[in-house]
Amino acid sequence: MSDETAPGVATVPAVGVAPAATAMRTHLCGELRAAHDGQQVRLCGWVARRREHGEHLAFVDLRDRSGLVQCVVDGSVDVRTEWVVAVDGTVRRRPEGTRNPDLPTGDVELGDCTVTVLNRADTPPFPLDERTETDEAARLRFRYVDIRRARMQRNLRLRAAMVAAMRRAMDEQGFCEVETPLLWTPTPEGAREFAVPSRLHHGDFYVLPQSPQIAKQLLMVGGFDRYYQVARCLRDEDLRADRQFEFTQLDLEMSFVEPADVHAAVSRAVTAALAAAEAGDGSSVDLAGGDGAAPRRSAEALGADGDVLTLTWREAMDRYGTDKPDLRIPGALVDLSPVFAGSEVRAFQAPVVKGLCHPGGAALGRNRLDGLVDRAKQLGAKGLAWFKVAGSAGDVLLESPLAKFLSDAERDALLAAAGAVPGDLVLAVADEWRTACEVLGALRLELGRMPVSEGGRRLCWVTEFPLFDGVDEDGRPAAAHHPFTMPHPEDLDRLESDPLSVRSLAYDLVLNGWELGSGSIRVHREDVQRRIFDALGIAPDEAEARFGFLLGAFRYGAPPHGGFAVGVDRLVALAAGEENIREVIAFPKTQSGTDLMTGAPNPLDPRQLRELGLAPRPGR
Ligand code: ASP
């Protein structure tokens, strides 16, 4: 008799296994153990596999949400894979030598079974085992079958456990869960919005919320002090691996706070979620990130919440060339400007020279190096200098087209600044500060990129983002986060004179190079909010028409407040070791925004269109 683990068996966190009994069954498949020996039980589930041994013996591996158990039928049994059945039988220990250590129920089997067919099933569109690679389009089309598979069972249960842990953490911290409307009004948060035509007011539209941003600020005006919501957000933007039209955020807002208070509350929820994931999947949580440099730590976010590294945006850019540093990758950017301050080499005569040491990179071949140079140019650099460090500790040599232009002192200073030893590769970009940082940051990522499941979990806070992110086509500053973000108090007087230099009280939480979420301290005074709208080019009457309700609320006692939103899909994907958030969403859309199962988006029938005051499209 075959005794392998049958296809489709799920190893899932033991979330919600009990209670098992219903009117139709006494136990779940996956809970049976030697202690049940001799008990008469009734199970219900799907046939994972059936094996006949002549006319007198058949094995049915029965699967339900808790796992799988082997059922032995004395005689033949007319069932097929994925039929839904009830099985009556007696739990018995398996004979010595036939136990299956890979199966939690592998010490026992169900003997003397009677199988009752509850529902037949067509042959599944693809095998449900983990070994078969199935085309994603088929998986999405038959998602209800796909989510029976161990991977999706594990991921969706992991998600449920993580969300439950976050809810617990928020409740324990005195947050109150409040639901905010899905039928909402446009808000200037940067994303394109989905519109919903009104049946009662032809020609008018609701929009689906990009986030509960304004609603949660109004809850603060309303005296809630600590709000949270596991909120669905909707954005009509191009989809990619870490983006869907609809996604879930742990959204929160707090009154009378500074950034550190928000960080502490968020850290506690995120660490609780990761701890729940760890309990489920066994991988470790490493909260103390970093490259060995000694950045400032956010003391307020420590304690029970773990030790989370905090970098200002400027520090993050300077050290990692990105506002989403992947701290699993060793090494950081260094400042080479002093090394080349007196250099004759024209290429180094720039506002700054930044460097990056790639350990072991001296082994890279010429093609790969040329590729890096091309990539740096594509990213906007004028060029990329590279230096292979050769020789031995006492007698170091540099191999590079530029080596002959460097004095011994420059060479030694370069090696010391980069922390390079023989075998390493040093890259240098001379340019404007931001370009030099961004180019080397991108190369650091390309050279060190690793799968999401490797290298532990490295969280960090990035704070003090610029208030504005460049200028739009009309030369107006564009909001970097959203226009409700509080300018840094030290920079407020430059809001009109030098807006691009103004820092904000906005912050992001980053995990392994993924932005897990963002938030800020908000503007709570009408005069400051009007100045920001003004800087963004939103005229007073337009501001009044679009956000009069918010500006009005600010006149009725708005407390200082701030908040955050954690991207739940990304957090779960990272914890599950999945590169794509579709793997942690029950019914996701494809990259082109379609639902392969329902066919949505679909045409509406003409009657419904008429009710909404919309005209059918010609030709439909
Ligand atoms: N509403 C913001 C967002 O969705 C988060 C926040 O600032 O709280 O990104």
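Residues numbered from 1 in each chain as written. Predicted model: local features only at pLDDT ≥ 70, side-chain atom pairs only at ≥ 80, totals over all residues. Heavy atoms only, no water.

Peer 1: For this particular structure, what's the right way to read unusual backbone geometry?
Peer 2: With glycine set apart, most residues show a phi of negative sign, and most peptide bonds adopt trans. Residue A600 is joined to P601 through a cis peptide bond whose omega torsion reads 5°. In this fold, P601 is placed in the loop between α12 (568-576) and α13 (606-611). You will see that E82, though not glycine, has its phi angle at about 75°, which is positive. Along the chain, E82 falls in the loop between β3 (67-73) and β4 (84-93). Since its relative accessible area comes to 3%, E82 is described here as buried. (Helix = DSSP H or I, 4+ residues; strand = E, 2+ residues; numbered from the N terminus. Buried < 20%, exposed > 50% of the residue type's maximum accessible area, 1.4 Å probe, protein only.)

Peer 1: Any chance you could explain the confidence of the model for the protein here in plain terms?
Peer 2: Interpretation of this model should avoid reading the predicted coordinates in detail wherever pLDDT is low. Summarising the model, the protein shows a mean pLDDT of 89, and 92% of its residues fall at 70 or more. Low pLDDT, under 50, characterises residues 1-16; the stretch is placed with 54 contacts to residues that sit more than four places away or in other chains. (pLDDT = per-residue confidence, 0-100. Contact = heavy atoms within 4.5 Å.)

Peer 1: Please explain the state of the cysteines as it appears in this structure.
Peer 2: Disulfides are covalent bonds that link the sulfur atoms of two cysteine residues. Scanning the model with the defined rule gives zero disulfides in all. Note on C176: no disulfide assigned, nearest cysteine sulfur contributed by C233 at a separation of 18 Å. By relative accessible area, which is 33% here, C176 ends up partly exposed. (Disulfide = S-S within 2.5 Å.)

Peer 1: Is there a simple way to think about the site of the ligand in this case?
Peer 2: Taken together, 14 residues form the shell around the ligand, and within it S211, Q213, K216, R235 and R522 come nearest. Interatomic distance of 2.6 Å between a side-chain N/O atom of K216 and an oxygen atom of the ligand. With respect to the ligand, the side chain of R235 contributes an N or O atom lying 3.0 Å from an oxygen atom. Within the residue set of the shell around the ligand, elements represented by two or more residues are α4 (213-221), β21 (514-521) and β22 (561-567). Per element, the largest residue contribution to the shell around the ligand is three residues, and it comes from β22. (Near = heavy atom within 4 Å. Polar contact = N/O pair within 3.5 Å; in protein donor to acceptor, adjacent residues only side chain to side chain.)

Peer 1: What exactly am I supposed to notice about helix α7 (residues 366-378) here?
Peer 2: Each turn of an α-helix holds 3.6 residues, which means side chains three or four residues apart point in the same direction. Look at α7: 18 Å from first C-alpha to last across 13 residues, which is about the 18 Å you get at 1.5 Å a residue. Of the positions making up α7, those classed as buried are L369, L372, V373 and A376. Within α7, the buried residues cover an arc of 100° as seen down the axis, which keeps them to one side. Turned more than 90 degrees off the buried face of α7, the exposed positions are N367 and Q378. Packed against the buried residues of α7 are β14 (385-392), β16 (425-431) and α9 (433-448). Looking at the residues trailing α7, positive phi occurs at G380, about 110°. (Expected span 1.5 Å × (residues − 1). Arc of directions from axis to C-beta.)

Peer 1: How should the environment of M162 be read in this particular structure?
Peer 2: Turning to its location among the elements, M162 is positioned in helix α3 (residues 150-172). Counting along the chain gives 275 residues from M162 to C437, while the straight-line C-alpha distance between them is 35 Å. When neighbours within four sequence positions are excluded, M162 is seen to be in contact with A273, L274, A276, A277, L571, V572 and A575.

Peer 1: Before we go on, may I ask you to explain the packing of aromatic side chains in this structure?
Peer 2: For any pair of aromatic rings, geometry is given as the distance between the ring centres together with the angle between the planes. In total, this model carries eleven aromatic pairs according to the counting rule given. Arranged with centres 6.5 Å apart and planes meeting at 85°, the rings of F484 and F533 form a pair that is edge-to-face. Of this pair, F484 sits in the loop between β19 (477-479) and β20 (506-511) while F533 sits in helix α10 (residues 526-535), placing them 49 residues apart in sequence. There is no split in this pair, since F484 and F533 are both buried. By way of ring pairs, the aromatic residues W461, Y507 and F564 are connected into one cluster. The ring centre of W433 lies 3.8 Å from the NZ or CZ of R314, which sits over that ring. (Phe/Tyr/Trp six-rings, centres within 6.5 Å; stacked < 30°, edge-to-face > 60°. Lys NZ or Arg CZ within 6 Å of the ring centre and 35° of its normal.)

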